[in-house]
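# Examination of the molecular architecture
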Amino acid sequence: MYAEIVFPLPFRNVFTYSIPEELEPFAKTGYRALVPFGKRTLTGFIVNTTSTPQNIDKIKPITDILDDEPIFNKKTLEFYEWLSDYYISSLGEALKLAVPYGTEIETKRKILSNMNVSTELLRSEKNKDSIKANILKILSEREEINFSYLQKLVKKKNIYSTLRSLEKSGSLNILDEIEEAKVKVKKAKFIKLNKTIAEIYAYFPELESRSPKQVKIILELINKKDKSVSLAEILKKTEASQASIESLEKKGLVKIFEKEVDRRFSEEFKEEHVKLILTPQQQIIVDEISEKIEQGIFQPHLLHGVTGSGKTQVYIELISKALSLNKSAMILVPEISLTPQITSRLYNNFGNQVSVIHSRMSLGERYDSWRRILKEKSKVVIGARSALFAPLKNIGIIVVDEEHDASYKQFESAPKYNARDAAIILARINNCPVLLGSATPSIESMHNAKTGKYNLLNLPERIDNAKLPKISLVNISIERKKKKMENIFSKNLLDKIEDRLKKKEGVIILQNRRGFSTQIYCEDCTEIETCDNCSVPMVYHINQNILQCHYCGLTKRVPNACTNCGSLSIKYFGTGTERVEDELEFYFPGVKIKRVDSDSISRKSSLSKILLEFGKGEIDILVGTQMVSKGLDFPRLTLVGVISAETTLWLPDFRADERTFQLLTQVAGRAGRSKVEGEVIIQTQNEKHFALQKVLQNDYQGFYQKEIIDRERFDYPPFSRVCLIETKDTNEDKAKGALIDFHKELINYRKWLKISPPASAIIARLKGNFRFQILIKSPRNTDPGGKILRQAVLKSFVEFNRKSRYRDVKLIFDVDPQSII
């Protein structure tokens, strides 16, 4: 027998390996195999087995099988094949998403340096700027370095030939070591009684006179009523020594054994379980979708429900229905670590049947969650976009909450999938309904609903007779002329905050920028302090007294003078959350204020603690970025203030108006979710802007009607499928040259596609790499599935690799990008 294997690498080939007789029972489709690959050892995915391979020359045998049971089957393989095809990646890269990070085994290449020889060779090297000289300089300073890290330091990938010549000269040795998986099953020692209680009592007189600590251990175990207990827990509780345990084991009174420990993620945020009765409108929606769950029929539904209309309760009822039919359920939420409330409600309803998956969990917690789901111990999965790939069987319902959110898009590595769109395909393959929920649906989803592709469901009113908040726009340019501004706050907003604080009500202030000042500017030479690696301004953080780049993470000391001309006339411009917090502390001394942004909640469960304290009234004001607009539901929250509505409005992106409307409507929806009416004050410099007027009127349909006309006029989604092609390299000429060469091949398809000329990206340099882009638009009326677009990109890529001298430059394909910046 032979196995066809793919690897999580950016090439689309399938490789054939022979299956040793002893591995034949385990080497099946869906298992991972450890195999030789060139001089390396890699983990690959078996996608097929056959007894008649096409070519049996030079076929190597599989080394080992890593899994006890398959991690995907024929049905889920179909989903990963679609994912790799649609988002233009290899099947191996798509299948990599099916397993938690840290479980793969592979060879890592290490370089062992002879520092003395490297130093001598460096001295005799004539060209000190050459790759060889750079490598020798690094090797003369360190004895050992990983191959990938050396590539990063010299900023070049193709260094193999240089290393081979240096190895011959005795400067270094290249070692290939197999690196074990980073995460494994956790085991711990447990202890339990080994005799009946009557038998144990016979030993008490002897134990009491000789070892009272042993008596304490025995009594503790008797209290546990024949249950095993963690050995570490017993030792801590009884303050006994290991010797006491060993003595009891020798007497045959206790048994010590190893047992697997389940690392379960838990939020500190807890809510009381309240049994809710559905409104008639909620019940109609639940009944309609429940019918599809029972029948196992695929249908996409879009639930357009205003903020506070009870969408979460609809999700809970549908999950309950799926479980009653012995089916499983998946709920995707944007940035799970930011929405502990919905997680808490699921635990209240479904207990340990719930497993969480998201990036803030430890490797061990994520691995154990994945194994619980694989073994069908958990039938409800909640998580951010990566939860889409949880190995759930017999799926009954998939829910995508806040379906409009941009964080469902994978921005970093291939495949650059959108979890919302992929969830619809997963539901279709599993013959189950999928529910997309939002108070501000994306333009694409609403268009799909209006054209009959999705079933549109509405919840137009808040539950418990709660009213939508009263929204006001404050023009800060006019207020400043009237001298009604206090630094970044209008007097109107400060008065409203003071009024709510007197009533002991909660306040949220939104400013979608981190840091204190967003720019440092020199009045003499007009230079802005920018990042060394990126073409963006550095942000001033007052708490740590540093400048930081929010794209690459570079930090610098705060300059006393302009770094360009030496002038002392430097000014701090722009407002971040730190400045908002600082000024609120000045205007409202003694008031408890907490900041919620990615700087302040980096520690595990820190957000849970803040939300718990805010819910209890121990925190008066929350200041935050877009994080505070998501999923928060507090009856005591009655006032929302927005410092600047323009932070997303002025971005040069076709989704800028939509993002602004969604963000402001969502954050406004946090206010007044009880009997006390909420109020929202939005500070702006352009209150007549169309998007802001529609927020003021709470008019989603009006916003949609204008936006959809603009999208059609300019050939943007949903009327065209968009693909962004990007090159990036530390050498500007190479990045530009590679894209020009790719464009020469792509232009052959201009009859079917609209192709922009190669241009520098809006953020031209990022993390030390120069960026150039091409935007392709494929009209949906002539290319409904995007097949022409994908074929054009792939065929152009083949020709580019065949002809271009810049083929070592990385090309990135982003189908359906969420941003073109």
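This text follows the structure it describes.
The notes below deal with the structure included here. Values in this document were obtained by computation on a predicted structure and should not be read as measured data. (Residues numbered from 1 in each chain as written. Predicted model: local features only at pLDDT ≥ 70, side-chain atom pairs only at ≥ 80, totals over all residues. Heavy atoms only, no water.)

### A short note on the pattern of salt bridges
What counts is decided by this rule: By convention in these notes, a salt bridge is any Lys or Arg side-chain nitrogen within 4 Å of a carboxyl oxygen on Asp or Glu. Only protein chains enter the calculation, and the probe is 1.4 Å; a residue is then buried if its accessible area is under 20% of its type maximum, exposed if over 50%, and partly exposed in between. In DSSP terms, a helix is any run of H or I states spanning at least four residues, a strand is any run of E spanning at least two, and both are numbered starting from the N terminus.
This model, assessed by the stated rule, comprises 42 salt bridges. Among the salt bridges present, the one from Glu 486 reaches Lys 491, with a minimum N-O distance of 4.0 Å. Residue classification places Glu 486 among the partly exposed positions, given a relative accessible area of 30%. Residue classification places Lys 491 among the partly exposed residues on the basis of a relative accessible area of 34%. One salt bridge in this structure joins Lys 496 and Glu 679, with 3.0 Å as the shortest N-O distance. With a gap of 183 residues between them, Lys 496 in helix α19 (residues 491–502) and Glu 679 in strand β31 (residues 679–684) connect regions that are remote in the sequence. The structure contains a network of salt bridges with shared partners spanning Glu 260, Arg 263, Asp 368 and Arg 371.

### Details of helix α5 (residues 147–154)
In an α-helix, one turn spans 3.6 residues, which is why side chains three or four residues apart end up on the same side. Selection rule: The directions from the helix axis to the C-beta atoms form the arc being described. Any two residues having at least one pair of non-hydrogen atoms within 4.5 Å are treated as being in contact.
All buried positions along α5 are accounted for by Phe 147, Leu 150, Gln 151 and Val 154. Burial along α5 is one-sided: seen end-on, the buried residues are contained in an arc of 105°. Of the exposed residues in α5, those oriented more than 90 degrees away from the buried face are Ser 148 and Lys 152. Residues of α5 that are buried make contact with β6 (106–113), α4 (131–139), β7 (144–146) and α6 (160–168).

### Looking at unusual backbone geometry
Note: most residues except glycine have negative phi, and most peptide bonds are trans. Going from Ala 414 to Pro 415, the amide bond is cis rather than trans, its omega being -5°. With respect to the secondary-structure elements, Pro 415 resides in the loop between β16 (395–401) and α16 (419–429). Along the chain, Pro 717 connects to Pro 718 via a cis peptide bond; the corresponding omega equals 10°. The backbone phi angle of Lys 504 is positive, close to 65°, even though this residue is not glycine. Counting through the fold element by element, Lys 504 comes out in the loop between α19 and β22 (506–510). For Lys 504, a relative accessible area of 67% corresponds to the exposed category. Phi angles above zero are rare outside glycine, and Asp 715 is one such case at about 60°. Tracing the backbone shows Asp 715 in the loop between α24 (700–713) and β32 (720–729).

### Overview of the sheet that holds strand β3 (residues 32–37)
Applicable threshold: Paired strands are those between which DSSP finds at least two bridges.
Strand order in the open sheet made by the five strands is β2-β1-β4-β3-β5, with antiparallel pairing throughout. In this open sheet, the two edge strands, each paired with only one partner strand, are β2 (15–18) and β5 (64–65). Where strand β1 (residues 2–6) meets strand β4 (residues 40–50), five bridges bridge the pair, whose relative direction is antiparallel. Note on β4: the bridge partner recorded for Ile 5 is Ile 46.

### What to know about the packing of helix α22 (residues 656–668) against α24
Any two packed helices are characterised by how steeply their axes cross, that is the angle between the axes, and by the distance between the axes. Counted only if it meets this: Here the axes come from fitting lines to C-alpha atoms, over the contacting stretch only for helices, and the angles between their N-to-C directions go from 0 to 180 degrees. Oblique is the label for any angle not under 35 degrees, not over 145, and not in the 65 to 115 range, which are roughly parallel, roughly antiparallel and roughly perpendicular in turn. Crossings are assigned a handedness: left-handed for a near helix turned anticlockwise from the far helix by less than a right angle, right-handed for a clockwise turn. Note on residue categories: nonpolar means Ala, Val, Leu, Ile, Met, Phe, Trp, Tyr, Cys or Pro, charged means Asp, Glu, Lys or Arg, and polar means any other residue, Gly included.
Packing of α22 against α24 brings their axes to within 11 Å, and their N-to-C directions diverge by 170°. Comparing their axes, α24 and α22 come out roughly antiparallel. Every pair of crossing elements has a handedness; the one defined by α22 and α24 is left-handed. Here α22 contributes Asp 657, Glu 658 and Phe 661 to the contact with α24, which in turn contributes Tyr 700, Phe 703, Glu 707 and Arg 711. Class assignment for the residues of the contact of α22 with α24 results in three nonpolar, no polar and four charged.

### A look at the sheet that holds strand β13 (residues 328–332)
As summarised here, the arrangement of the seven strands in space is β14-β15-β13-β16-β17-β12-β18, forming an open sheet in which the pairing is parallel. Single-partner strands in this sheet number two, and they are β14 (354–357) and β18 (455–459). Across the sheet, the axes of successive neighbouring strands diverge by a mean angle of 20°, strand direction being ignored. Relative to β14, helix α15 (residues 363–374) is tilted by about 135°, and along the sheet it contacts β14 and β15 (380–383). Each of β13, β16 and β17 (434–438) touches α16; the most contacted strand, β16, lies at about 165° to it.

### Things to note about the environment of Lys 609
Relative to the elements of secondary structure, Lys 609 occurs in helix α21 (residues 606–616). Distance in space between the C-alpha atoms of Lys 609 and Lys 39 is 50 Å, their sequence separation being 570 residues.

### Focus on helix α13 (residues 311–324)
Defined as follows: In this analysis, the expected span of each helix is defined as 1.5 Å times one less than the number of residues it contains.
In this model α13 runs 20 Å from its N-terminal to its C-terminal C-alpha over 14 residues, within 8% of the 20 Å that 1.5 Å per residue would give. Of the residues making up α13, those classed as buried are Lys 311, Gln 313, Val 314, Tyr 315, Ile 316, Leu 318, Ile 319, Ala 322 and Leu 323. Looking at the residues trailing α13, positive phi occurs at Asn 326, about 60°.

### A few points about the packing of aromatic side chains
What counts here: Each Phe, Tyr or Trp ring, with Trp reduced to its six-membered ring, pairs with another whose centre is within 6.5 Å; inter-plane angles below 30 degrees give stacked pairs, above 60 give edge-to-face pairs, and intermediate values give tilted ones. Two conditions define a charge located above a ring, namely a distance within 6 Å from the ring centre to NZ of Lys or CZ of Arg, and an angle within 35 degrees of the ring normal.
Under the counting rule described, the total for this entry stands at 34 aromatic pairs. Note on Tyr 540 and Tyr 572: the rings are 5.0 Å apart at their centroids and 50° apart in plane angle, and the pair reads as tilted. Linking Tyr 540 in strand β24 (residues 539–541) with Tyr 572 in strand β27 (residues 570–573), this pair joins segments that are 32 residues apart in sequence. With relative accessibility at 35%, the residue Tyr 572 sits in the partly exposed group. Of the aromatic side chains, those joined through ring pairs into one cluster are Phe 7, Phe 11, Phe 15, Tyr 17 and Phe 37. The ring of Phe 190 is capped by Lys 259, whose NZ or CZ atom sits 4.5 Å from the centre of that ring. Over the face of the ring belonging to Tyr 716 we find Lys 777, whose NZ or CZ atom lies 4.0 Å from the ring centre.

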